[in-house]
There are 2 protein chains.
Amino acid sequence: MERRALILEAAAREFERVGYAATTIAAVAREAGVPQGTLHFHFPTKVSLALGVIDEQNVRTFDVVSHVDSSPTVALVAASRGIAGMLLTDPVVSAGIRLSLERGEFGAATAAFYEQWIGGISDLFRLSIAAGELRTDLSAEELGATVVPMFTGVQLVSAVRTGRQDLFPAVAAMWRIVIAGIAAPRHRERLLGVVAELFGDQPVGA
Amino acid sequence: MERRALILEAAAREFERVGYAATTIAAVAREAGVPQGTLHFHFPTKVSLALGVIDEQNVRTFDVVSHVDSSPTVALVAASRGIAGMLLTDPVVSAGIRLSLERGEFGAATAAFYEQWIGGISDLFRLSIAAGELRTDLSAEELGATVVPMFTGVQLVSAVRTGRQDLFPAVAAMWRIVIAGIAAPRHRERLLGVVAELFGDQPVGA
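Residues numbered from 1 in each chain as written. Chains lettered and ligands numbered in written order. Predicted model: local features only at pLDDT ≥ 70, side-chain atom pairs only at ≥ 80, totals over all residues. Heavy atoms only, no water.

## Some thoughts on the overall build of chain A
Tallying secondary structure elements over chain A gives 10 helices and 0 strands in all. Beginning at the N terminus, the succession of helices and strands in chain A can be written as α-α-α-α-α-α-α-α-α-α. Here the C-alpha atoms of chain A give a radius of gyration of 18 Å, agreeing with the 17 Å that 2.2 N^0.38 yields for 206 residues. Taken along its principal axes, the extent of the C-alpha atoms in chain A is 60 × 35 × 30 Å. Expressed as a percentage of the 206 residues in chain A, the buried residues total 59%. Surface exposure of chain A reaches about 8,300 Å², of which carbon and sulfur atoms provide 55%. One way to put it: in chain A the 18 positive side-chain charges average out to a point 4 Å from where the 22 negative ones average out. (Helix = DSSP H or I, 4+ residues; strand = E, 2+ residues; numbered from the N terminus. Rg over C-alpha atoms; globule rule 2.2 N^0.38 Å. Buried < 20%, exposed > 50% of the residue type's maximum accessible area, 1.4 Å probe, protein only. Areas by Shrake-Rupley, 256 points an atom, 1.4 Å probe, with all protein chains shown as cover. Lys, Arg positive; Asp, Glu negative; His and termini not counted. Charge placed at Lys NZ, Arg CZ, Asp CG, Glu CD.)

This is the structure:
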């Protein structure tokens, strides 16, 4: 792994372990196994390190959206499954999403990423509508601008309530409601079947 | 207003204006017009002040849920409209929700409030199911454990994207999807009409 990536992975692990406020540049350098001078060369401040993690998280998660399935709605559900999986296994993704939700100094970066996400997801919803998979009076833009925040909230509350242990059933329950609400009748059962298949078939909540 | 309430209102305004980290006890005392000693008597630390705001926010918002309409689903939609309105006008509510989303030291309080909210909203969904207003294979618990996080995300993203300017249409779009997904067919048009009436009929997003 190149040094910049090594440093971001180490920073993500530290941010997740002790939180942003308690993370030190020295600890990240130690964890990454690089001299502090090298770390300072890539990331002069702790803020730049956090923004680097947020940025890398965004690249990694956005990557799972670009592979369009033969069914655009399945591609949407599969993208959310991919991101949920990364939230459980990739510290850069979990730390990046956690940092970007802790507003304040990262607000500007966060706002730009929401626009990017809502744009990308709206594009997929546009394809879903064009493919005849949906029947709804909401536009593709309205669907993107609503489902992205829904997913944001579902993963956030799953983190707070169960440390993400119920993340898959929680995202699945979101899709069961959304698909029942917007799918064209002749696609509904197939799409609900895809949700059950991708996320397993467990109950949500305690 | 009694002194404790005065202090909480002043603290909420300061937390909203400059953020948690930059808020000082001295500034809150000045804003509330009380001696610092009085403030310390009620709230010995800044953390206790933040927890006080979160607690008071929870009391105020939970209050709007307790008035059950003749239609439990309308009561649910009306409660979300009430909370959205308070987010726009009551600094204790907006500061409390912002603080409770900034995890870390408030995580434990936040987790307990989610349980309370999900419990309360699930109770209303149980009434909706009993009243025959819903047709869904999700249980009342699953609905509560999904719609509360959806609302959390929708109001959060509205705050980040537009400073809550699109909060009403954003919450309305959430309900349009949810109601289309779970309402019994013969109640669907009426409930969608209630959403349009309570939130106005504007498009969401930019």
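## Here's the deal with the environment of Ala130 of chain B
Here Ala130 of chain B shows up in helix 7 (residues 107-130). Linking Ala130 of chain B and Pro72 of chain B, residues 58 residues apart in sequence, is a C-alpha distance of 9.4 Å.

## Remarks on the interface of chain B and chain A
Every contact between the two is made by 38 residues of chain B and, on the other side, 38 residues of chain A. For the pair chain B and chain A, the two sides together bury roughly 3,400 Å², of which 69% comes from carbon and sulfur. Where chain B meets chain A, there are 6 salt bridges. Where Arg161 of chain B meets Glu115 of chain A, a salt bridge forms, and the shortest distance between an N and an O atom there is 2.8 Å. On the surface where chain B and chain A come into contact, there are 4 residue pairs in polar contact (both at pLDDT 80 or more). (Contact = heavy atoms within 4.5 Å. Buried area = accessible area lost by both parts, 1.4 Å probe. Salt bridge = Lys/Arg side-chain N within 4 Å of Asp/Glu carboxyl O. Polar contact = N/O pair within 3.5 Å; in protein donor to acceptor, adjacent residues only side chain to side chain.)

## A few points about the relation of the copies chain B and chain A
Comparison of the two chain copies shows a relationship of rotation about an axis with a shift along it. With an RMSD of 0.0 Å, the fit of chain B onto chain A corresponds to turning through 180 degrees and sliding 0.0 Å along the axis. In the structure described here, the two chain copies are related by an operation that fits a two-fold rotation axis. Taken together, the interface assignments show that 100% of the residues at the interface of chain B recur at the interface of chain A, consistent with an identical surface on both copies. (Least-squares fit on C-alpha atoms with pLDDT ≥ 70 in both.)

## Observations regarding the environment of Arg186 of chain A
Counting through the fold element by element, Arg186 of chain A comes out in helix 10 (residues 185-199). Each C-alpha atom, one on Arg186 of chain A and one on Thr45 of chain A, is 54 Å from the other, the two residues being 141 residues apart in sequence.

## Section: the side chain of Thr110 of chain B
Its place among the elements puts Thr110 of chain B in helix 7. For Thr110 of chain B, a relative accessible area of 4% translates into the label buried. Those residues in contact with Thr110 of chain B, other than ones at most four positions away along the chain, are Val160 of chain A together with Ser100 of chain B.

## What about the packing of helix 1 (residues 3-18) of chain A against helix 2 (residues 25-32) of chain A?
Residue and element names in this part refer to chain A. It is at 8 Å that the axes of helix 1 and helix 2 come closest, and there the two elements cross at 120 degrees. Overall, the two elements helix 1 and helix 2 adopt an arrangement that is oblique. The way helix 1 lies across helix 2 gives a crossing that is right-handed. The segment helix 1 lies against helix 2, with Leu6, Ile7, Ala10, Ala11, Arg13 and Glu14 engaging Ala27, Val28, Glu31 and Ala32. Of the residues contributing to the contact of helix 1 with helix 2, the split by class is 7 nonpolar, no polar and 3 charged. (Axes fitted to C-alpha atoms, helices over the stretch in contact; angles between N-to-C directions. Parallel < 35°, antiparallel > 145°, perpendicular 65-115°, else oblique. Left-handed = near helix turned anticlockwise from the far one by under 90°. Nonpolar A, V, L, I, M, F, W, Y, C, P; charged D, E, K, R; others polar.)

## Comments concerning the domain arrangement of chain A
Interfaces are often sized by the amount of accessible area the parts lose when they come together. All names here are of chain A. The domains assigned to chain A are domain 1 (1-44) and domain 2 (46-199). Of the residues lining the interface, 17 residues belong to domain 1; the matching set on domain 2 comes to 19 residues. For the pair domain 1 and domain 2, the summed buried area comes to about 1,500 Å², and 67% of that belongs to carbon and sulfur atoms. Inspection of the domain 1/domain 2 interface yields 2 salt bridges. We note a salt bridge from Arg98 to Glu16, for which the minimum N-O separation is 3.8 Å. Between domain 1 and domain 2 we count 5 residue pairs in polar contact (both at pLDDT 80 or more) in total. Listing elements by their share of the side of domain 1 that touches domain 2, those giving two or more residues are helix 1 and helix 2. With 8 residues, the top contributor of residues to the side of domain 1 that touches domain 2 is helix 1. Split into classes, the residues belonging to the side of domain 1 that touches domain 2 amount to 12 nonpolar, 2 polar and 3 charged. (Domains from an automatic or database assignment.)

## A short note on unusual backbone geometry
Residue and element names in this part refer to chain A. Although it is not a glycine, Arg164 adopts a positive phi angle of roughly 70 degrees. Structurally, Arg164 can be placed in the loop between helix 8 (140-162) and helix 9 (167-182). Residue Arg164 is classed as buried on the basis of its relative accessible area of 11%.

## Quick word on the UniProt feature "DNA-binding region" (unreviewed entry) in chain A
Taking the UniProt record as the reference, the feature "DNA-binding region" (unreviewed entry) is found at residues 24-43 of chain A. In this annotation, residues 24-43 of chain A is assigned 75% helix and 0% strand; the end-to-end C-alpha distance for the span is 12 Å. (UniProt positions renumbered as here; feature names shortened; annotations may be inferred.)

## Considering helix 4 (residues 46-63) of chain A
Residue and element names in this part refer to chain A. If you check helix 4, its first and last C-alpha atoms are 26 Å apart, about what 18 residues at 1.5 Å a residue would give, namely 26 Å. Those residues of helix 4 that fall on the buried side of the exposure criterion are Ser48, Leu49, Ala50, Gly52, Val53, Ile54, Gln57, Asn58, Arg60 and Thr61. Buried residues belonging to helix 4 abut helix 1, helix 2, helix 3 (36-42), helix 5 (72-89), helix 6 (91-101) and helix 7 (107-130). (Expected span 1.5 Å × (residues − 1).)

## Things to note about helix 5 of chain A
The end-to-end C-alpha distance of helix 5 of chain A is 26 Å, a good match for the 26 Å that 18 residues give at a rise of 1.5 Å each. Within helix 5 of chain A, 13 of the 18 residues are buried, which leaves it mostly tucked inside the rest of the structure.

## Focus on the nonpolar core
Grouped together as the largest cluster of nonpolar side chains are 148 residues, with contacts concentrated most on Trp175 of chain A together with Trp175 of chain B. Discounting residues that sit within four places of it in the chain, Trp175 of chain A has contacts with Leu76, Val77, Ser80, Val147, Ala180, Val195 and Phe199 of chain A. (Core = buried A, V, L, I, M, F, W, Y, C linked by side-chain atoms within 4.5 Å.)

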